[in-house]
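Chain by chain, the residues run as shown.
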Amino acid sequence: MGPRSICGLGPPLVGTLVPLGKDNAGSSNGSVSSIPIFEGSNVIGRNHLVAVDKRISRKHLSLHASADGSTEVVVEGPNPIVVRSGGQRRKVSPQEKAKIAHDDVLELIPGDYFVKYVDMADEHKSYVPIDSSGLKKGKRHSEEDSTAAKRNRQIMEDEALARTLQESFAEESTTFSEMASGQTLNPPDRADSSKRNNERMHSVGPLKDVHSLTFQLMRVQGLPSWANASSITIQDVIQGEVLLAVLSDYMVDIDWLLTACPSLRNVPHVLVIHGEDGASLELLKKMKPASWILHKPPLPISFGTHHSKAMLLVYPQGIRIVVHTANLIHVDWNNKSQGLWMQNFPWKDAKDINKKVPFENDLVDYLSALKWPEFRVKLPVVGDVNINAAFFRKFDYSSSMVRLIGSVPGYHVGPNIKKWGHMKLRSVLEECTFGKQFCKSPLIYQFSSLGSLDEKWMNEFAYSLSAGKSDDGSPLGIGKPLIIWPTVEGVRCSIEGYAAGSCIPSPQKNVEKDFLRKYWTRWKADHVGRCRAMPHIKTFTRYNGQNIAWFLLTSSNLSKAAWGALQKNNTQLMIRSYELGVLFLPQTLQSVPQFSCTEKNRSNLDSLALGGKIKTKLVTLCWKGDEETEPSTEIVRLPVPYQLPPQPYGVEDVPWSWDRRYTKKDVYGSIWPRHG
């Protein structure tokens, strides 16, 4: 029997690295998760460990599996491994290769972290196809069959609708187009990345392109083509003639980043703002190109971190600003449900140099708080300039259709209390008017890590997110919060199995508080093909049916550290972490052209005049209204990656917490061996 694809989704599963104890029996004391091996290239590294061990790098080794069953391992990290095969024990040093076969054992560190390679072709002579209701092995119980049948019917209905929506969505938002010539390229073939890279014409579409109006979901390996039809990769983001790049993130794997985006090596000036420390920081310093500048922002309050995920890419024609939810590591950009927003802005004309819009103030205020060391560069458009926060006022943000919501660590008082965290979101929403349908409508909190919360703070947070007025000027009123959080069963049956739970790092003491029970709803994302791609995306929204009042894509999880907590009779806001999010609001804006990343003939762009005003209405992909009835309104379909309204937990659903032991095996036959 040949290799199989999980749930029929993409690259075939050809084998598994199964954890062993040092005596080659049983588990490995919870130190390593079972690792699925797919046809093609697989990266094995630190993220597969349950507990961090800095001896194993994030890209410790790569394993190349062929359809014919041959498998080759290459040591990518600085430490050797050991391959035990046919009674022989062979040390494989960095950059060396070795063939492995069924039942061979790898020591990821000599004498430690034992895994056995199980070739599916040898191990399974027959199998039951794994379906999206559970990926269960062996004989199913009758109640599981009933549940599976119901879920399959719903999935078929959801996917039929989703395919139609995604295909039309992709047609309307061609990622790569030649603005000046009017040519439109076909959407890139995601299955052939090398061809895509060779043929890509680095440009960005006109104003109504999805890039500027909405956010996009990131590509997930192994999904069907319709689910990735309008998704995005890091190569789609970092492209063209970049003169200066500011990359902001929590975790940064330089080795992976330069492999995924080799063009970054040609960017003359790169500033990396990060949250790394200890051995990870030392490795970052060692691996970075010599000209790159690293900066970790100051942390005035203990237990904080730099968690924001953004990019500022300066081009000869202007700047591309990106806000997203992924760490700069392989697993985040390939295996998780993630989201990204980006928009291009031209340089300001001399006559407009002192004009400012709210988006510009949001951006510069946040960048000023990062306090990176100024450096001087020479750019072809403006000559010698200091790269500091004020530099980013040189761009025309008048076409921005979003607001930035940032968090900065500190004790914020006076006017600054409304500049950051949930109080910034409250102050922006207070200035907005929404349809009466959103009066007392529900709130959605969706995130990947849960802090230690109490009911007092949850009420404080809900009050901020419920701000705003209805058409008649009355307050919208407090909305009922709903938390979308993966269940244990959802993680177990995900495309990564229990290993996905390592990126949903919330302990039992935070998750299983009694007062949280009324908030829990399931992660269900069949309409975008991501029901089994566990979420690392973070979103907060207010909705009614398939209509969206506002939508926030952010790095912030649900915690006081990220959003802040009011103190001293509400006169002080304490925040511990740096965060950044992008807020989508229904607006009426003047349309203006954007630049093309590599367009050589700017005069053609300057001749494009897109006049008139656009009123926007936010809806989900599943909205079934009639756009013809609202001719003066631009319907913006946000790819909200979960079902609305969300489905409440059933009596048997248990919220995922990563420090519990789960003995029911996942799709790869593994348990969750947190405590060995």
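Please read all numbers here as calculations on a predicted model, not as lab measurements. (Residues numbered from 1 in each chain as written. Predicted model: local features only at pLDDT ≥ 70, side-chain atom pairs only at ≥ 80, totals over all residues. Heavy atoms only, no water.)

Attention shifts here to the overall build of the protein. Check the secondary structure of the protein and you find 15 helices and 36 strands. Relative to its full complement of 676 residues, the protein shows a buried share of 58%. When contacts within the protein are restricted to residue pairs at least 6 apart in sequence, those whose partners lie at least 24 apart make up 69%. (Helix = DSSP H or I, 4+ residues; strand = E, 2+ residues; numbered from the N terminus. Buried < 20%, exposed > 50% of the residue type's maximum accessible area, 1.4 Å probe, protein only. Contact = heavy atoms within 4.5 Å.)

Its location among the elements puts glutamine 235 in helix H5 (residues 234-237). There is a polar contact of 3.4 Å between the side chain of glutamine 235 and the backbone oxygen of alanine 260. (Polar contact = N/O pair within 3.5 Å; in protein donor to acceptor, adjacent residues only side chain to side chain.)

Attention shifts here to the nonpolar core. Counting residues in each nonpolar core, the largest one holds 111 residues, and the members touching the most others are Phe392, Tyr445, Trp550 and Leu558. Residue contributions to this core peak at seven residues, all from helix H9 (residues 358-370). Setting aside residues no more than four positions away along its own chain, leucine 558 makes contact with Tyr445, Phe447, Ser449, Leu450, Gly451, Leu453, Trp457, Met458, Phe461, Ile483, Phe540 and Trp563. Ala245, Trp256, Leu284 and Leu328 belong to the second largest nonpolar core, which has 31 residues in total. (Core = buried A, V, L, I, M, F, W, Y, C linked by side-chain atoms within 4.5 Å.)

With that out of the way, let us pick up H9. Helical periodicity: at 3.6 residues per turn, an α-helix aligns residues three or four positions apart in one direction. In this model H9 runs 19 Å from its N-terminal to its C-terminal C-alpha over 13 residues, within 8% of the 18 Å that 1.5 Å per residue would give. Taken residue by residue, H9 has Phe359, Glu360, Asp362, Leu363, Val364, Tyr366, Leu367, Ala369 and Leu370 as its buried positions. One or two residues past the end of H9 sits lysine 371, with phi positive at roughly 55 degrees. (Expected span 1.5 Å × (residues − 1).)

This part covers the UniProt feature "active site" (unreviewed entry) in the protein. With numbering matched to this structure, UniProt assigns "active site" (unreviewed entry) to His307 and His536. A compact arrangement is adopted by the annotated residues: their sequence extent is 230 residues, whereas the largest C-alpha distance between any two is 13.0 Å. In this fold, histidine 536 is placed in the loop between strand E28 (520-521) and strand E29 (539-544). The contacts of histidine 536, once residues within four sequence positions are left out, are Lys309, Thr325, Ala326, Asn327, Asp332, Lys336, Ser337, Gln338, Ser448 and Cys503. (UniProt positions renumbered as here; feature names shortened; annotations may be inferred.)

Inspection of the entire model under this criterion finds 27 aromatic pairs. Aromatic side chains phenylalanine 447 and tryptophan 485 sit 5.5 Å apart centroid to centroid with 40 degrees between the ring planes, which places their arrangement in the tilted category. Taken as a pair, phenylalanine 447 in the loop between strand E25 (443-446) and helix H11 (455-465) and tryptophan 485 in the loop between strand E27 (481-484) and helix H12 (488-492) lie far apart in primary sequence, 38 residues in all. For tryptophan 485, a relative accessible area of 0% puts it in the buried group. Taken together, Trp347, Trp372, Phe391, Phe392 and Phe395 form an aromatic cluster joined through their ring pairs. (Phe/Tyr/Trp six-rings, centres within 6.5 Å; stacked < 30°, edge-to-face > 60°.)

The next point concerns the pattern of salt bridges. Proximity of charged atoms lets side chains of opposite charge pair with each other. All chains considered together, the criterion is met by 23 salt bridges. Two residues, lysine 348 and glutamate 360, come together in a salt bridge whose shortest N-O distance is 3.1 Å. In this pair, lysine 348 sits in the loop between strand E19 (339-346) and H9 while glutamate 360 sits in helix H9, placing the two residues 12 residues apart along the sequence. Take lysine 348 and glutamate 360: they sit in the same class, and that class is buried. When the shortest N-O distance is used, the salt bridge between aspartate 365 and lysine 419 registers 3.9 Å. Of this pair, aspartate 365 sits in helix H9 while lysine 419 is found in the loop between strand E23 (410-413) and helix H10 (421-430), placing the two residues 54 residues apart along the sequence. By relative accessible area, which is 30% here, aspartate 365 ends up partly exposed. In this structure lysine 419 comes out as partly exposed when scored by relative accessible area, which is 28%. (Salt bridge = Lys/Arg side-chain N within 4 Å of Asp/Glu carboxyl O.)

Moving on: the sheet that holds strand E8 (residues 97-100). Reading across from one edge, E3-E4-E5-E8 is the order of the four strands in this open sheet, with antiparallel pairing throughout. Only two strands of the sheet have a single neighbouring strand rather than two, namely strand E3 (40-44) and E8. Shown here is a sheet whose adjacent strand axes are inclined to one another by a mean of 25 degrees, direction ignored. (Pairing = 2+ DSSP bridges. Axes fitted to C-alpha atoms, helices over the stretch in contact; angles between N-to-C directions.)

With that settled, consider empty space enclosed by the protein. Overall, the coordinates contain seven cavities of 30 Å³ or more when judged by the stated rule. What lines the largest cavity is a set of 13 residues, among which Ala310, Leu312, Tyr366, Leu367 and Leu580 lie closest to the centre. Breaking the lining of the largest cavity down by element, the ones donating at least two residues are strand E14 (244-248), strand E17 (310-315), strand E18 (318-324) and H9. Partitioned by chemical class, the residues of the lining of the largest cavity number 12 nonpolar, one polar and no charged. (1 Å grid on protein atoms, 1.4 Å probe; cavity = no way out; pocket = protein on both sides within 12 Å on 5 of 7 lines; lining within 4 Å. Points joined across faces, edges and corners; volume = space filled by probe spheres on them. Nonpolar A, V, L, I, M, F, W, Y, C, P; charged D, E, K, R; others polar.)

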